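For reference, the chains in residue letters:
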Amino acid sequence: KMITKQKILSAMAIVILFGSTAAATAPAFASTGNSGGGNFFSGLVEFISQKFGLDKAQVTTAVNDYRTQQKTTRQQNADDREKKRLDGLVSQGKITSAQEQSIIAERATLRSKYSPANFKDLTPEQRKQKMTDEMNELKSWAQSQNIDPKYVIPGFGMFPKGSMRRFDK
(Lines give C-alpha, C1' and ligand atoms only; values in the text may rest on other atoms or scores of the structure.)
Protein backbone atom coordinates (compact mmCIF):
# COMPACT_ATOMS: atom_id res chain seq x y z
CA LYS A 1 0.00 0.00 0.00
CA MET A 2 2.91 2.35 0.77
CA ILE A 3 4.43 1.66 -2.64
CA THR A 4 1.11 2.54 -4.31
CA LYS A 5 1.00 5.83 -2.41
CA GLN A 6 4.56 6.56 -3.51
CA LYS A 7 3.64 5.77 -7.11
CA ILE A 8 0.62 8.05 -6.95
CA LEU A 9 2.71 10.83 -5.40
CA SER A 10 5.35 10.37 -8.09
CA ALA A 11 2.69 10.47 -10.77
CA MET A 12 1.21 13.63 -9.29
CA ALA A 13 4.68 15.21 -9.27
CA ILE A 14 4.93 14.52 -12.98
CA VAL A 15 1.46 15.98 -13.54
CA ILE A 16 2.43 19.11 -11.61
CA LEU A 17 5.73 19.35 -13.45
CA PHE A 18 4.05 19.20 -16.83
CA GLY A 19 0.91 21.05 -15.77
CA SER A 20 1.98 24.48 -16.95
CA THR A 21 3.11 23.12 -20.30
CA ALA A 22 -0.10 21.16 -20.64
CA ALA A 23 -2.23 24.17 -19.83
CA ALA A 24 -0.56 26.08 -22.63
CA THR A 25 -0.65 23.27 -25.17
CA ALA A 26 -3.87 21.43 -24.31
CA PRO A 27 -6.16 23.64 -26.42
CA ALA A 28 -4.13 22.84 -29.51
CA PHE A 29 -4.44 19.10 -28.90
CA ALA A 30 -7.89 19.00 -27.34
CA SER A 31 -10.32 16.45 -28.63
CA THR A 32 -14.05 16.95 -28.81
CA GLY A 33 -14.72 14.62 -25.88
CA ASN A 34 -13.29 14.18 -22.42
CA SER A 35 -12.55 10.50 -22.78
CA GLY A 36 -10.83 10.22 -26.01
CA GLY A 37 -8.12 10.22 -28.31
CA GLY A 38 -5.26 12.39 -28.86
CA ASN A 39 -5.34 15.19 -26.37
CA PHE A 40 -2.40 15.97 -24.15
CA PHE A 41 -4.00 14.85 -20.92
CA SER A 42 -5.19 11.48 -22.22
CA GLY A 43 -1.64 10.82 -23.44
CA LEU A 44 -0.23 11.91 -20.09
CA VAL A 45 -2.66 9.65 -18.20
CA GLU A 46 -1.71 6.71 -20.42
CA PHE A 47 2.00 7.40 -19.94
CA ILE A 48 1.76 7.71 -16.13
CA SER A 49 -0.43 4.63 -15.74
CA GLN A 50 1.97 2.53 -17.81
CA LYS A 51 5.18 3.99 -16.38
CA PHE A 52 4.17 3.52 -12.74
CA GLY A 53 1.86 0.53 -13.14
CA LEU A 54 -1.15 2.46 -11.85
CA ASP A 55 -4.79 2.01 -12.62
CA LYS A 56 -5.67 4.32 -15.53
CA ALA A 57 -8.98 5.31 -13.93
CA GLN A 58 -7.19 6.45 -10.74
CA VAL A 59 -4.67 8.49 -12.73
CA THR A 60 -7.47 10.02 -14.81
CA THR A 61 -9.33 10.96 -11.64
CA ALA A 62 -6.18 12.49 -10.13
CA VAL A 63 -5.43 14.53 -13.27
CA ASN A 64 -9.03 15.73 -13.55
CA ASP A 65 -9.10 16.65 -9.85
CA TYR A 66 -5.89 18.61 -10.29
CA ARG A 67 -7.20 20.45 -13.36
CA THR A 68 -10.43 21.33 -11.55
CA GLN A 69 -8.52 22.53 -8.49
CA GLN A 70 -6.24 24.71 -10.63
CA LYS A 71 -9.17 26.21 -12.53
CA THR A 72 -10.96 27.00 -9.27
CA THR A 73 -7.81 28.56 -7.80
CA ARG A 74 -7.23 30.71 -10.91
CA GLN A 75 -10.84 31.91 -10.88
CA GLN A 76 -10.72 32.69 -7.15
CA ASN A 77 -7.48 34.64 -7.60
CA ALA A 78 -9.04 36.64 -10.44
CA ASP A 79 -12.13 37.33 -8.32
CA ASP A 80 -9.93 38.43 -5.41
CA ARG A 81 -7.96 40.81 -7.65
CA GLU A 82 -11.17 42.27 -9.05
CA LYS A 83 -12.65 42.71 -5.55
CA LYS A 84 -9.50 44.51 -4.44
CA ARG A 85 -9.64 46.77 -7.51
CA LEU A 86 -13.30 47.55 -6.90
CA ASP A 87 -12.65 48.21 -3.20
CA GLY A 88 -10.05 50.77 -4.31
CA LEU A 89 -12.58 52.47 -6.57
CA VAL A 90 -15.06 52.62 -3.68
CA SER A 91 -12.43 54.16 -1.36
CA GLN A 92 -11.58 56.72 -4.04
CA GLY A 93 -15.27 57.62 -4.32
CA LYS A 94 -15.46 56.62 -7.99
CA ILE A 95 -18.18 54.02 -7.38
CA THR A 96 -20.46 53.26 -4.43
CA SER A 97 -20.54 50.04 -2.43
CA ALA A 98 -23.90 49.25 -4.03
CA GLN A 99 -22.38 49.71 -7.49
CA GLU A 100 -19.48 47.46 -6.49
CA GLN A 101 -21.91 44.72 -5.49
CA SER A 102 -23.82 45.21 -8.76
CA ILE A 103 -20.59 44.85 -10.75
CA ILE A 104 -19.70 41.64 -8.89
CA ALA A 105 -23.18 40.20 -9.54
CA GLU A 106 -23.10 41.18 -13.22
CA ARG A 107 -19.67 39.59 -13.61
CA ALA A 108 -21.07 36.30 -12.34
CA THR A 109 -24.02 36.53 -14.72
CA LEU A 110 -21.89 37.30 -17.76
CA ARG A 111 -19.29 34.68 -16.80
CA SER A 112 -21.93 31.99 -17.15
CA LYS A 113 -23.49 33.50 -20.27
CA TYR A 114 -20.15 33.98 -22.04
CA SER A 115 -18.34 30.95 -20.67
CA PRO A 116 -15.07 30.14 -22.49
CA ALA A 117 -16.35 26.57 -22.83
CA ASN A 118 -19.05 27.90 -25.14
CA PHE A 119 -16.38 29.46 -27.40
CA LYS A 120 -14.39 26.32 -28.18
CA ASP A 121 -16.34 25.29 -31.28
CA LEU A 122 -16.58 28.80 -32.74
CA THR A 123 -14.51 30.22 -35.56
CA PRO A 124 -12.15 33.10 -34.71
CA GLU A 125 -14.63 35.53 -36.28
CA GLN A 126 -17.49 34.12 -34.21
CA ARG A 127 -15.38 34.36 -31.03
CA LYS A 128 -14.55 37.96 -31.83
CA GLN A 129 -18.24 38.72 -32.39
CA LYS A 130 -19.17 37.06 -29.06
CA MET A 131 -16.56 39.15 -27.23
CA THR A 132 -17.82 42.29 -28.96
CA ASP A 133 -21.37 41.37 -27.94
CA GLU A 134 -20.18 40.83 -24.36
CA MET A 135 -18.40 44.18 -24.23
CA ASN A 136 -21.41 45.99 -25.71
CA GLU A 137 -23.74 44.28 -23.25
CA LEU A 138 -21.44 45.19 -20.39
CA LYS A 139 -21.17 48.80 -21.52
CA SER A 140 -24.96 49.12 -21.79
CA TRP A 141 -25.39 47.48 -18.39
CA ALA A 142 -22.84 49.83 -16.79
CA GLN A 143 -24.54 52.89 -18.25
CA SER A 144 -27.96 51.65 -17.06
CA GLN A 145 -26.50 51.34 -13.55
CA ASN A 146 -25.01 54.83 -13.72
CA ILE A 147 -21.49 53.39 -13.61
CA ASP A 148 -18.78 54.77 -15.85
CA PRO A 149 -17.93 51.82 -18.16
CA LYS A 150 -14.19 52.47 -17.74
CA TYR A 151 -14.49 51.11 -14.19
CA VAL A 152 -15.81 47.79 -15.43
CA ILE A 153 -13.09 45.69 -17.08
CA PRO A 154 -14.19 43.20 -19.74
CA GLY A 155 -12.90 39.65 -19.60
CA PHE A 156 -13.74 38.99 -15.96
CA GLY A 157 -10.40 37.39 -15.15
CA MET A 158 -10.23 35.34 -18.32
CA PHE A 159 -7.63 37.62 -19.89
CA PRO A 160 -4.51 39.26 -18.45
CA LYS A 161 -4.84 42.92 -17.53
CA GLY A 162 -4.33 45.10 -20.57
CA SER A 163 -4.92 42.33 -23.10
CA MET A 164 -8.31 43.70 -24.06
CA ARG A 165 -9.21 47.27 -24.81
CA ARG A 166 -10.81 49.27 -22.06
CA PHE A 167 -13.90 51.37 -22.55
CA ASP A 168 -12.62 54.84 -23.23
CA LYS A 169 -15.90 56.57 -23.89
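Preceding block: the structure.
Residues numbered from 1 in each chain as written. Predicted model: local features only at pLDDT ≥ 70, side-chain atom pairs only at ≥ 80, totals over all residues. Heavy atoms only, no water.

The helix and strand tally for the chain stands at five helices and zero strands. Ordered by position in the sequence, the α and β elements of the chain form the string α-α-α-α-α. Every one of the 169 residues in the chain was classed for burial, and the buried ones make up 27%. When contacts within the chain are restricted to residue pairs at least 6 apart in sequence, long-range pairs at least 24 apart make up 48% of them. Accessible surface for the chain amounts to roughly 11,200 Å². Of this, 55% is attributable to carbon and sulfur atoms. (Helix = DSSP H or I, 4+ residues; strand = E, 2+ residues; numbered from the N terminus. Buried < 20%, exposed > 50% of the residue type's maximum accessible area, 1.4 Å probe, protein only. Contact = heavy atoms within 4.5 Å. Areas by Shrake-Rupley, 256 points an atom, 1.4 Å probe, with all protein chains shown as cover.)

Turning next to the pattern of salt bridges. All told, the structure shown has eight salt bridges when counted by the stated rule. Put simply, Arg111 and Asp79 hold a salt bridge, and the shortest N to O gap is 2.7 Å. Taken as a pair, Arg111 in helix 4 (residues 97-113) and Asp79 in helix 3 (residues 56-91) lie far apart in primary sequence, 32 residues in all. Judged by relative accessible area, Asp79 falls into the partly exposed class, the value being 22%. One salt bridge in this structure joins Lys83 and Glu100, with 3.1 Å as the shortest N-O distance. A residue pair is termed long-range when its members are at least 10 positions apart, and Lys83 in helix 3 and Glu100 in helix 4 qualify at 17 residues. (Salt bridge = Lys/Arg side-chain N within 4 Å of Asp/Glu carboxyl O.)

Further remarks concern the nonpolar core. Counting 14 residues, the largest nonpolar core has Ile95, Ile103, Trp141, Ile147 and Val152 as its most contacted members. Contributing elements (two or more residues each) for this core: helix 3, helix 4 and helix 5 (124-144). Here this core takes four residues from helix 5, the largest share from any one element. The residues contacting Ile103, other than those within four sequence positions of it, are Glu82, Leu86, Ile95, Trp141, Ile147 and Val152. With eight residues, the next largest nonpolar core counts Leu44, Val45, Ile48 and Leu54 among its residues. (Core = buried A, V, L, I, M, F, W, Y, C linked by side-chain atoms within 4.5 Å.)

Here we come to the packing of helix 3 against helix 4. Closest axis-to-axis distance for the helix 3/helix 4 pair is 10 Å, and the angle between their directions is 155°. Taken together, the axes of helix 3 and helix 4 are roughly antiparallel relative to one another. Taken as a pair, helix 3 and helix 4 cross one another with a handedness that is right-handed. Where helix 3 abuts helix 4, its residues Gln75, Ala78, Asp79, Glu82, Lys83, Leu86, Asp87 and Val90 lie against Ser97, Glu100, Gln101, Ile103, Ile104, Arg107 and Arg111. Partitioning the contact of helix 3 with helix 4 into residue classes produces five nonpolar, three polar and seven charged. (Axes fitted to C-alpha atoms, helices over the stretch in contact; angles between N-to-C directions. Parallel < 35°, antiparallel > 145°, perpendicular 65-115°, else oblique. Left-handed = near helix turned anticlockwise from the far one by under 90°. Nonpolar A, V, L, I, M, F, W, Y, C, P; charged D, E, K, R; others polar.)

Let us now look at unusual backbone geometry. One non-glycine residue, Asn146, lies in positive phi territory at about 60°. Tracing the sequence through the fold places Asn146 in the segment after helix 5.

Moving on: the packing of helix 4 against helix 5. Where helix 4 meets helix 5, the closest approach of the two axes is 12 Å, and the angle between their N-to-C directions is 155°. Judged by the inter-axis angle, helix 4 sits roughly antiparallel to helix 5. When you trace helix 4 past helix 5, the crossing you get is right-handed. On helix 5, the residues touching Ser102, Ile103, Glu106, Leu110 and Lys113 of helix 4 are Glu137, Leu138 and Trp141. Residue composition of the contact of helix 4 with helix 5, grouped by class: four nonpolar, one polar and three charged.

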